[in-house]
Amino acid sequence: MKFSDMKIVSIDDNENNLYLIEAICSEMNLSVISFSESLDALMYILQNQVDLIITDYMMPNLNGLDFIKEYRNSNKVVPIIMITAAGDDERIHKEAFELGANDFLSKPINSVLFQARVLNLLTNHRNRILLENKAKFLEDEVQKATERLIIREHETLQILGKTAEYKDPETASHVARVSNYSKLLAKEYGLSEEEQEIVFYAAPFHDLGKVGIEDKILLKPAKLDEDEFEIMKTHAQIGYEILKDSQSEYLKAGAIIALSHHEKYNGKGYPKGLKGEDIHIYGRIVAIADVFDALTSIRPYKRAWSFNEAVEFLKEEKGRHFDPKMVDIFINNLDKIENIYNSFKEDV
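Note that the coordinates shown come from a computational prediction; the quantities given were computed from them, not determined experimentally.

**Structural notes on the UniProt feature "modified residue: 4-aspartylphosphate" (unreviewed entry) in the chain**
Consideration 1: In the numbering adopted here, UniProt assigns the feature "modified residue: 4-aspartylphosphate" (unreviewed entry) to D56.
Consideration 2: Take D56: it is sitting in strand β3 (residues 52–56).
Consideration 3: Owing to a relative accessible area of 3%, D56 belongs among the buried residues under this scheme.
Consideration 4: Excluding residues that lie within four positions of it along the chain, D56 makes contacts with I11, D12, D13, G64, M82, I83 and K107.

Take a look at the structure:
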């Protein structure tokens, strides 16, 4: 920013003083706008960008002190020089400083002193603007970099979330539906937007532990026997062990979900047999989303239930398998649930 681009406002009810200041500023190659009425000047600077204000003290209607007070109430930080008569006492200077004046000049105006004071204040003001612009630029760059990191992290999470799909007959559509059901339930339950996003990106890790289950059990096209089912149940702990030490909020949430999404509200789930609200809210959310979607999806060992059949099952298991509050939320939002159900159909 060049000095010649900066705007100065001069206020004085004496036109001769205004002409003098204009002449000195012209020698300095500075742009100045003059006002003989302080109220007009106040209206102008409140609506326009200026870089320095030079105001007389003794003026009708609104004197220099009143002008500074009104202007500083707008929280603007443009520097102000107040011009006083040689005989004005120190009380005026003290009050002007307290109100927000930055410097003083006495009449008659000394051209050399005027130029030095003006250049000093304009230099400081320009440096402050440059620092603010640089700080804003850096803030914007940090924000952009942060957004890029978040996008990359989300992409990484989505890729990792597909890992179990290559061993499990569940599909990408299943993962998408469970994520969206879970986010909806989290929102309606009252979790913050941040936690809703965490649940959305962490839900796909609920069955990550299945990578540790043998294919002959995982892919068996029939109901598992008792021993096989005991082995299958270990996938909850395996998923937790894989994810638990991550520094990512998403993966830490994924560990919680992996461990807790097979717990039941009545305490008869696994792996720890937790009961009621001892089960983490993330686990209670994903439990209902996962079961509902599993019921309405085709598996090698079963047909797909209808939407209404699955809803009836949730009602039957309210307070037993599922958190009753979560079932109520699910039922009260069936239109949104059905929209998700229809939006992520299986490829056939």
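**Regarding the sheet that holds strand β2 (residues 31–35)**
Consideration 1: Ordered by their spatial adjacency, five strands build an open sheet running β2-β1-β3-β4-β5, and the pairing between neighbours is parallel. Each end of this open sheet is capped by a strand with a single partner; those strands are β2 and β5 (103–106). Across the sheet, the mean angle from the axis of one strand to that of its neighbour is 20 degrees, orientation sign disregarded.
Consideration 2: Packed onto the sheet, helix α2 (residues 38–47) meets β1 (7–11), β2 and β3 and runs at close to 160 degrees relative to β1.

**What to know about α2**
Consideration 1: Regarding α2, the residues found buried are S38, A41, L42 and I45. For α2, the angular spread of buried residues about the axis comes to 100 degrees, placing them on one side.
Consideration 2: The secondary structure elements touched by the buried residues of α2 are β1, β2, β3 and α3 (64–72).

**Points about the packing of aromatic side chains**
Consideration 1: Here the structure, examined in full by the defined rule, presents 13 aromatic pairs.
Consideration 2: Measuring from centroid to centroid gives 5.1 Å for F307 and Y341, while their planes differ by 65 degrees, and the two rings are edge-to-face. Placement of F307 in helix α13 (residues 307–316) and of Y341 in helix α15 (residues 334–343) is noted, with a sequence separation of 34 residues between them. In this structure, F307 and Y341 share a single accessibility class: buried.
Consideration 3: By the ring-pair criterion, three or more aromatic residues cluster together here, those being Y181, F292, F307, F330 and Y341.

**Section: the packing of helix α12 (residues 281–295) against helix α14 (residues 324–332)**
Consideration 1: Running from N to C, α12 and α14 point in directions that differ by 50 degrees, and their axes come no closer than 10 Å. Of the possible angle classes, the one that applies to α12 and α14 is oblique. For the element pair α12 and α14, the recorded crossing hand is right-handed. For the pair α12 and α14, contact is made by I281, R284, I285, I288 and F292 and by M326, V327 and F330, respectively.
Consideration 2: Tallied by class, the residues present in the contact of α12 with α14 amount to seven nonpolar, no polar and one charged.

**Some remarks on the side chain of T55**
Consideration 1: Relative to the helices and strands, T55 is located in strand β3.
Consideration 2: With near-sequence residues (within four places) excluded, T55 lies in contact with I11, G64, F67, I80, I81, M82 and I83.

So, how was this worked out
- Residues numbered from 1 in each chain as written.
- Predicted model: local features only at pLDDT ≥ 70, side-chain atom pairs only at ≥ 80, totals over all residues.
- Heavy atoms only, no water.
- UniProt positions renumbered as here; feature names shortened; annotations may be inferred.
- Helix = DSSP H or I, 4+ residues; strand = E, 2+ residues; numbered from the N terminus.
- Buried < 20%, exposed > 50% of the residue type's maximum accessible area, 1.4 Å probe, protein only.
- Contact = heavy atoms within 4.5 Å.
- Pairing = 2+ DSSP bridges.
- Axes fitted to C-alpha atoms, helices over the stretch in contact; angles between N-to-C directions.
- Arc of directions from axis to C-beta.
- Phe/Tyr/Trp six-rings, centres within 6.5 Å; stacked < 30°, edge-to-face > 60°.
- Parallel < 35°, antiparallel > 145°, perpendicular 65-115°, else oblique.
- Left-handed = near helix turned anticlockwise from the far one by under 90°.
- Nonpolar A, V, L, I, M, F, W, Y, C, P; charged D, E, K, R; others polar.

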